[in-house]
Amino acid sequence: MKKYQGISYKNVHITDGFWKNRQTINAEVTSHAVYNRFADSHRFEALDCSWKEGMNYTPHIFWDSDVAKWIEGAAYIIAKNHDTQLEQLCENAIDMIVENQTKEGYFNSYFLVMRQSERFKHRGYHELYCAGHLIEAACAYYEATGKDKFLRAMCKYADYIYDTFYVYQTASFTTCGHPEIELALVKLYDTVGDEKYLQLSKFFLDKHGNNTKDTYTNKYHAQDQLPLTEQHTAEGHCVRAMYLYSAMADIARHYDSDAYLEACRAIYDDAVNKKMYITGGIGSTKMGEAFATDYFLPNDVAYTETCAAISLTMFCKRMQLLSADSRFADTVERVIYNGFLSGVSLDGKSFFYENPLEIDPYFANVNTASEQKRHMPIMQRVELFSCSCCPPNVLRFIASIEELMYTYDEHTLFVHQFMNSEAAIQQSVIRQTTDYPADGSLKITVEGTDFAQIAVRIPGWCTGFTADKPYTLENGYAYFAAEGEINLNFDMKVQLYEANAAVQNNAGCVAVARGPVVYCLEEADNGKHLRSLGISSQAAFSLEENDGYKVPVLLTQGLRKKEQEGLYRVYSRECEQVTLRFIPYFAFANRGVSEMLVWTRVMD
Ligand code: FUB
Ligand code: ZN
């Protein structure tokens, strides 16, 4: 099986530009904003396991995972910024976890106080999910600081899980209700090298859809309709699915399993070609927070959880380690500049859980006949949700985004994402100088002789590019001799996209994109009734710099249908000329409640 190496975020320094700005906000604002809201809501206090009836909070089944993701994100920041205040906050939380861990190694702040005697009896109660996030956090904290107290504690917990689920099989269920432990065990194996963790991860995967103990009301929701190697479609709860598929890709790599790899490839194709929004959002329905049927991609009620967007990149990152095919990095790019980034406000303090592609405050505020069935996402980001999985996921994702940039083998360094940066990979130093995604020019310099060639992804959206060195093209990458400097320029013209006719809501509409960035109309710029606006299929755009967005705003001449009085009238072409102002989708809802629209009507 062909395999590639990934890199650690620690090997790359983002020096300037779009992601430097985002990482600075993430480190300086988001880390504290999430910490403070988690502290206010007693999530840290709960780790102390001293909750008693009558106290002003009630422990929750997955608060541990929230805190763990925060520690993981903080660890990535500490590694780069040596932030001693953040480190102390981590230490405080870690101390509480370690002190309250049982002698067998078990830790769960909910079960330890609320359901002492019910340990590993409820598949749906997120125990292994929390354990997985704690394990990931412990690995990250160890890698960031070199301190191993947390890691040792979580190895002990993993050993306990190994005995309970694999050796003695005394738990009341076999596989994790919310996948996460499977990929965490692989990370633990990668960190400490003990093969039992890998074995346990594979055991959990092999038992999916393949054991007699676990029961469900909906097997598809739990990705348990078939053994995983026989699954070829993306199904069920979206975040759970993508975490599970990520572990499948890990296991395919570690065990040279073609069966797992083939399943991953088929599932990827299904998810991306039939179930993904143009923004990279996945999981279109609130019912079960799930993948829906093919092409069901409603815009206003899109569920598209921020965690789901992140989980798609997690899967793609692992698939990048198994093939040199730019489709995976193209999808990562689609997600990071759109459906993921919309999840956090420009100031880094507040978050969307759901990322719709259309907002109409009128319909969001009135009762519709189908109100019970219809779920309108909120229109403004908030600092905390009762189910607040997304904010710390944003934190850890942005703080380690460098890991999506490169893979390599013995000959070739692959450049997947473009960020102003300096990387040390093997003995080589790779520098990228770019204003991407504001601009399509990219300079890459390589110092060192580790790689014979450098393969630069030619983005899927790019219809023309120039390079100042000879290259050959294969599977979406331009292969250059890895010496000196390479200058590329991706033609970043504005492009209009149409959806497959099977997507009900997008007929007669286009989405505007420039490079990887999808744009939208907002009421704040274009007035009310965005659906009465029309764009020409031949529209010419001008660009307006915007320091807040770090990518330009797009302006074009369009039309506004003349308002009509009654409900119906004989069709009229009467329109007025207007200037349409498109802002990047990721920036919507940063100026108060406003209509928003991605798919804009074509009027020629
Ligand atoms: O259940 C834990 C997390 O909360 C999931 O990953 C999200 O989808 C949300 O349900
Ligand atoms: Zn979430």
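Cut-offs and rules
- Residues numbered from 1 in each chain as written.
- Chains lettered and ligands numbered in written order.
- Predicted model: local features only at pLDDT ≥ 70, side-chain atom pairs only at ≥ 80, totals over all residues.
- Heavy atoms only, no water.
- Pairing = 2+ DSSP bridges.
- Helix = DSSP H or I, 4+ residues; strand = E, 2+ residues; numbered from the N terminus.
- Axes fitted to C-alpha atoms, helices over the stretch in contact; angles between N-to-C directions.
- Phe/Tyr/Trp six-rings, centres within 6.5 Å; stacked < 30°, edge-to-face > 60°.
- Buried < 20%, exposed > 50% of the residue type's maximum accessible area, 1.4 Å probe, protein only.
- Lys NZ or Arg CZ within 6 Å of the ring centre and 35° of its normal.
- Near = heavy atom within 4 Å.
- Polar contact = N/O pair within 3.5 Å; in protein donor to acceptor, adjacent residues only side chain to side chain.
- Areas by Shrake-Rupley, 256 points an atom, 1.4 Å probe, with all protein chains shown as cover.
- Nonpolar A, V, L, I, M, F, W, Y, C, P; charged D, E, K, R; others polar.
- Domains from an automatic or database assignment.
- Donors = N, O, S within 2.8 Å, 3.2 Å for Na, K, Ca; no water.
- Tetrahedral: all angles 85-135°; square planar, octahedral: opposite > 155°, others 65-115°.
- 1 Å grid on protein atoms, 1.4 Å probe; cavity = no way out; pocket = protein on both sides within 12 Å on 5 of 7 lines; lining within 4 Å.
- Points joined across faces, edges and corners; volume = space filled by probe spheres on them.
- Salt bridge = Lys/Arg side-chain N within 4 Å of Asp/Glu carboxyl O.
- Contact = heavy atoms within 4.5 Å.
- Buried area = accessible area lost by both parts, 1.4 Å probe.

Student: Help me get a handle on the sheet that holds strand β8 (residues 441–447), residues and values and all.
Tutor: Strand order in the open sheet made by the six strands is β2-β6-β7-β8-β13-β10, with antiparallel pairing throughout. The strands lining the two open edges of the sheet, one partner per strand, are β2 (12–14) and β10 (465–467). With direction set aside, neighbouring strand axes in the sheet form an average angle of 15°. As defined by bridge partners, β8 adjoins strand β13 (residues 484–490) across six bridges and the pair is classed as antiparallel. Bridging across to β13, leucine 442 finds its partner in leucine 488.

Student: Tell me what's going on with the packing of aromatic side chains, and back it up with residues and numbers.
Tutor: Per the stated rule, a full pass over the model turns up 45 aromatic pairs. With a centroid separation of 5.0 Å and an interplanar angle of 85°, the aromatic rings of tyrosine 166 and phenylalanine 203 are classed as edge-to-face. Residue tyrosine 166 is located in helix α6 (residues 149–167), and its partner phenylalanine 203 is located in helix α8 (residues 195–207); the two are separated by 37 residues in the primary sequence. The buried category is assigned to phenylalanine 203, whose relative accessible area is 10%. Here the aromatic residues Phe18, Trp19, Tyr337, Phe418, Tyr436, Trp461, Phe465, Tyr471, Phe480, Phe490 and Phe586 are joined through ring pairs into a cluster of three or more. One cation-aromatic arrangement involves lysine 202 over tyrosine 255; the distance from NZ or CZ to the ring centre is 5.5 Å. Lying across the ring of phenylalanine 588, arginine 381 places its NZ or CZ 5.5 Å from the centre.

Student: Quick rundown of the site of ligand 1? Include the residues and the values.
Tutor: As a matter of local geometry, ligand 1 sits amid Phe62, His126, Tyr129, His178, His237, Val239, Glu289, Glu305, Tyr353, Cys387 and Cys389. Within the contact set of ligand 1, an oxygen atom lies 2.8 Å away from a side-chain nitrogen or oxygen of histidine 126. One nitrogen or oxygen atom from the side chain of tyrosine 353 is found 3.5 Å from an oxygen atom belonging to ligand 1. For ligand 1, whose unbound accessible area comes to 270 Å², protein coverage reaches 95%. A breakdown of the residues in the shell around ligand 1 according to their chemical character gives six nonpolar, three polar and two charged. Each of domain 1 (41–215) and domain 2 (218–363 + 386–404) gives at least three residues to the shell around ligand 1.

Student: So what about the coordination of the zinc ion (ligand 2)? Which residues, and what values?
Tutor: The coordination sphere of the zinc ion (ligand 2), as far as protein atoms go, consists of Glu305 (OE), Cys307 (SG), Cys389 (SG) and Cys390 (SG), spread over 2.1 to 2.4 Å. Because the angles between the four donor atoms bound to the zinc ion (ligand 2) fall within 93 to 121°, the donor set is best described as tetrahedral. Read in sequence order, the donor residues coordinating the zinc ion (ligand 2) give the pattern E-x1-C-x81-C-C. In this pair, cysteine 307 sits in helix α11 (residues 306–319) while cysteine 389 sits in the loop between α13 (361–365) and α14 (390–399), placing the two residues 82 residues apart along the sequence. For the residue pair cysteine 307 and cysteine 389, the accessibility class agrees, reading buried in each case.

Student: Summarise the pairing of β8; cite the residues concerned and give the values.
Tutor: Where strand β7 (residues 428–434) meets β8, six bridges bridge the pair, whose relative direction is antiparallel. By the bridge assignment for β8, arginine 431 is matched with threonine 445. Hairpin geometry of β7 and β8 is characterised by an intervening segment of six residues between the two adjacent antiparallel strands.

Student: Give me the layout of surface pockets: which residues, what numbers.
Tutor: The volume enclosed by the largest pocket comes to roughly 840 Å³. Lining the largest pocket we find 36 residues, and of these Ile7, Lys187, Lys317, Arg318 and Glu403 sit closest to its centre. Listed by contribution, the elements that provide at least two residues to the lining of the largest pocket are β1 (5–6), α2 (63–81), α5 (127–145), α7 (181–192), α9 (238–255), α11, α14 and β4 (406–408). Split into classes, the residues belonging to the lining of the largest pocket amount to 15 nonpolar, nine polar and twelve charged. Of the residues that make up the lining of the largest pocket, three or more belong to each of domain 1 (41–215) and domain 2 (218–363 + 386–404). Roughly 680 Å³ of volume is contained in the second largest pocket. Along the wall of the second largest pocket there are 30 residues; nearest its centre are Val272, Met276, Tyr277, Ile278 and Arg334. The element best represented in the lining of the second largest pocket is helix α12 (residues 327–339), accounting for six residues. Of the residues that constitute the lining of the second largest pocket, the class distribution is 15 nonpolar, seven polar and eight charged. Counting contributing residues, the lining of the second largest pocket receives three or more from each of domain 2 (218–363 + 386–404) and domain 4 (494–602).

Student: Would you mind going over the pattern of salt bridges in detail, with residue names and values included?
Tutor: The tally for this structure, following the rule as stated, stands at 41 salt bridges. A salt bridge links aspartate 270 to lysine 275; the shortest N-O distance between them is 2.6 Å. Like aspartate 270, the residue lysine 275 is buried in the burial classification. The salt bridge involving glutamate 523 is made with lysine 528; its shortest N-O contact spans 3.0 Å. The class of glutamate 523 is buried, set by a relative accessible area of 19%. A network of salt bridges, in which partner residues are shared, links Glu522, Asp525, Glu544, Arg581 and Arg591.

Student: Break down the domain arrangement of the chain for me, with residues and values.
Tutor: For the chain, the assigned domains are domain 1 (41–215), domain 2 (218–363 + 386–404), domain 3 (408–490) and domain 4 (494–602). Spacing between the C-alpha centres of domain 2 and domain 4 amounts to 26 Å. Contacts between domain 2 and domain 4 engage 23 residues on the former and 27 residues on the latter. In total, about 2,100 Å² of surface goes out of reach between domain 2 and domain 4, with carbon and sulfur atoms giving 64% of it. At the boundary of domain 2 with domain 4, the tally comes to one salt bridge. A salt bridge links glutamate 358 to arginine 531; the shortest N-O distance between them is 2.7 Å. Where domain 2 touches domain 4, the interface holds nine residue pairs in polar contact (both at pLDDT 80 or more). Sorting the residues of the side of domain 2 that touches domain 4 by element identifies α12 and β3 (358–359) as the ones contributing at least two each.

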